[in-house]
Amino acid sequence: MRNSIGMVLGIAGLCVLAAGSFAAEPVSLASAPAAKAEDNPPMVPPAKPGVFAMTKKGANGFHLVVAAHQFTSRSDIEKYLAYRAAELALEQQGNWFSFVEARSKDSAVPVPKRDPTGLRYSFRMEYWRPVWRYKLAGDPAWKSWSPFAGTAFFADGKDPKSITDYEVSADIMVRKGQMDDTNPLGFEAGAVSDLLINQVSPPV
């Protein structure tokens, strides 16, 4: 009986000593290495100065321009501009934006109409149609091209790789609240960003 009592007391004493040793060694949260910014770089690198410009127009309007020198493809460059439009809308606390078409009176391409029975996704990229200005090698004059003119991009037969400078521009209106998904010119900012974030990089 005495031996049993002694064993119980001995085990209790060991527990007290163990608890004291844990208390004597506090865990320091500061000892964990802090995460560095370079350990988590942005998925789309920042553009070099002068590549992307934004001008505010009115309460919710913005004029966006991408300007660079090395032409890759029309699709790549226009997607980058659309990605920057989506990111800007999110930065402005908007959840969607509408594209404002830069049409002239003699535009040959029909204005898109609302379609309540059409596709309900919120990034109809075929309706993202910015306008272009560019210079060709050996020609200092700026040339313009509109997607609403009814002519193909570089319809004159010259190689787009001969572009030495270009500017691609678009106007958007940042929106809040329920998105108008019957409007083909309406784009959900988060959906566009998610769609394009792995497809784009800044032009140079």
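Preceding this paragraph is the structure being described.
Let us look at the structure shown here. For clarity, every value in this text was computed on a predicted model and none was experimentally measured.

Let's shift gears to the overall build of the protein chain. Helix and strand counts for the protein chain come out as 3 helices and 7 strands. By residue count, 31% of the 204 residues in the protein chain fall in the buried class. Sequence-distant contacts, at least 24 apart, represent 77% of the contacts inside the protein chain between residues at least 6 apart. Just so you have it, the protein chain exposes about 12800 Å², and 59% of that area is on carbon and sulfur atoms.

Next up on the list: the pattern of salt bridges. On inspection of all chains with the given rule, the structure shows 7 salt bridges. Arg103 serves as the salt-bridge partner of Glu101, at 2.6 Å between the closest nitrogen and oxygen. Of the charged contacts in the structure, one is a salt bridge between Arg114 and Asp180, with a shortest N-O distance of 2.1 Å. Here Arg114, found in the loop between β3 (96-100) and β4 (131-136), pairs with Asp180, found in the loop between β6 (163-175) and β7 (186-188); they are 66 residues apart in sequence, far enough to count as distant. You can call Arg114 exposed: its relative accessible area is 54%.

Ranked by internal contacts, the top residues of the largest apolar core, which has 37 residues, are Phe97, Trp128, Trp132, Tyr166 and Ile172. Elements represented by at least two residues in this core include exactly β2 (61-68), α2 (74-91), β3, β4, β6 and α3 (189-196). Tallying contributions element by element places α2 first for this core, with 9 residues.

This paragraph deals with α2. Over its 18 residues, α2 extends 26 Å from the first C-alpha to the last, a length consistent with the 26 Å expected when each residue adds 1.5 Å. Turning to α2, its buried residues are Ile77, Glu78, Tyr80, Leu81, Ala82, Tyr83, Ala85, Ala86, Leu88 and Ala89. Those residues of α2 that are buried are in contact with β1 (52-57), β2, β3, β4, β6 and α3. Positive phi appears at Gln93, one or two residues downstream of α2, with a value of about 65°.

The subject of this paragraph is the packing of aromatic side chains. For the coordinates displayed, the defined rule picks out 10 aromatic pairs. Taking 6.4 Å as the distance between ring centres and 85° as the angle between the ring planes, the aromatic pair formed by Phe71 and Tyr166 counts as edge-to-face. In this pair, Phe71 sits in the loop between β2 and α2 while Tyr166 sits in strand β6, placing the two residues 95 residues apart along the sequence. For Tyr166, a relative accessible area of 1% translates into the label buried.

Before going further, it helps to examine the packing of α2 against α3. Two numbers describe how α2 lies on α3: the axes approach to 8 Å, and their chain directions differ by 140°. With respect to α3, the axis of α2 lies oblique. Judged by the sense of rotation from one axis to the other, the crossing of α2 with α3 is left-handed. Where α2 approaches α3, its residues Lys79, Ala82, Tyr83, Ala86, Glu87, Ala89 and Leu90 are matched on the opposing element by Ala189, Gly190, Val192, Ser193 and Leu196.

Here Glu78 shows up in helix α2. Apart from the residues lying within four places of it in its own chain, the contact partners of Glu78 are Trp128, Pro130, Trp132 and Val168.

Bringing unusual backbone geometry into the picture now. If you check the backbone angles, Gln93 has positive phi at about 65° while not being a glycine. Tracing the chain through its elements places Gln93 in the loop between α2 and β3. Accessibility expressed as a relative area gives 61% for Gln93, which makes it exposed.

Within α3 the residues assigned to the buried category are Ala189, Ala191, Val192, Ser193 and Leu196. Buried residues along α3 sit against α2, β3 and β7.

In this section: the environment of Asp106. Following the sequence through the fold, Asp106 ends up in the loop between β3 and β4. Of the polar contacts made by the side chain of Asp106, one reaches the side chain of Ser104; its length is 2.5 Å.

How each quantity is defined
Throughout this document, residue positions are counted from 1 along each chain, in the order its sequence is written. Reporting of local features is limited, given that this is a predicted model, to residues whose pLDDT is at least 70; pairs of side-chain atoms are given and counted only at 80 or more, and all residues count toward the totals for whole chains, interfaces and linings. As a rule here, side-chain values come from all non-hydrogen atoms in the structure, and water together with hydrogens is ignored. Numbering of helices and strands starts at the N terminus; helices are DSSP runs of H or I of at least 4 residues and strands are runs of E of at least 2. Accessible area is worked out with a 1.4 Å probe on protein chains only. A residue is then buried under 20% of its type maximum, exposed over 50%, and partly exposed in between. Contacts between residues were defined by any pair of non-hydrogen atoms, one from each residue, lying within 4.5 Å. Note that accessible areas follow from Shrake-Rupley with a 1.4 Å probe, and for residues the cover is restricted to the protein chains shown. The rule for a salt bridge is simple: a side-chain nitrogen of Lys or Arg has to be within 4 Å of a carboxyl oxygen of Asp or Glu. Among the buried residues, those of types Ala, Val, Leu, Ile, Met, Phe, Trp, Tyr and Cys that are joined through side-chain atoms within 4.5 Å form a nonpolar core. Take the residue count of a helix, subtract one, and multiply by 1.5 Å to get its expected span. Pairing of aromatic side chains here covers Phe, Tyr and the six-membered ring of Trp, requires ring centres within 6.5 Å, and sorts the geometry by plane angle: under 30 degrees stacked, over 60 edge-to-face, intermediate tilted. Note on definitions: angles span 0 to 180 degrees between N-to-C directions of axes, and those axes are lines fitted to C-alpha atoms, for helices only across the stretch in contact. When describing relative orientation, an angle under 35 degrees is termed roughly parallel and one over 145 degrees roughly antiparallel, while 65 to 115 degrees is termed roughly perpendicular and anything else oblique. Here a crossing is taken to be left-handed if its near helix is turned anticlockwise relative to the far helix by less than a right angle, and right-handed if that turn runs clockwise. As used in this structure description, the phrase polar contact means that two N or O atoms lie within 3.5 Å; if the pair is within protein, one of them must be able to donate a hydrogen and the other to accept it, and residues adjacent in sequence are counted only when both atoms belong to side chains.

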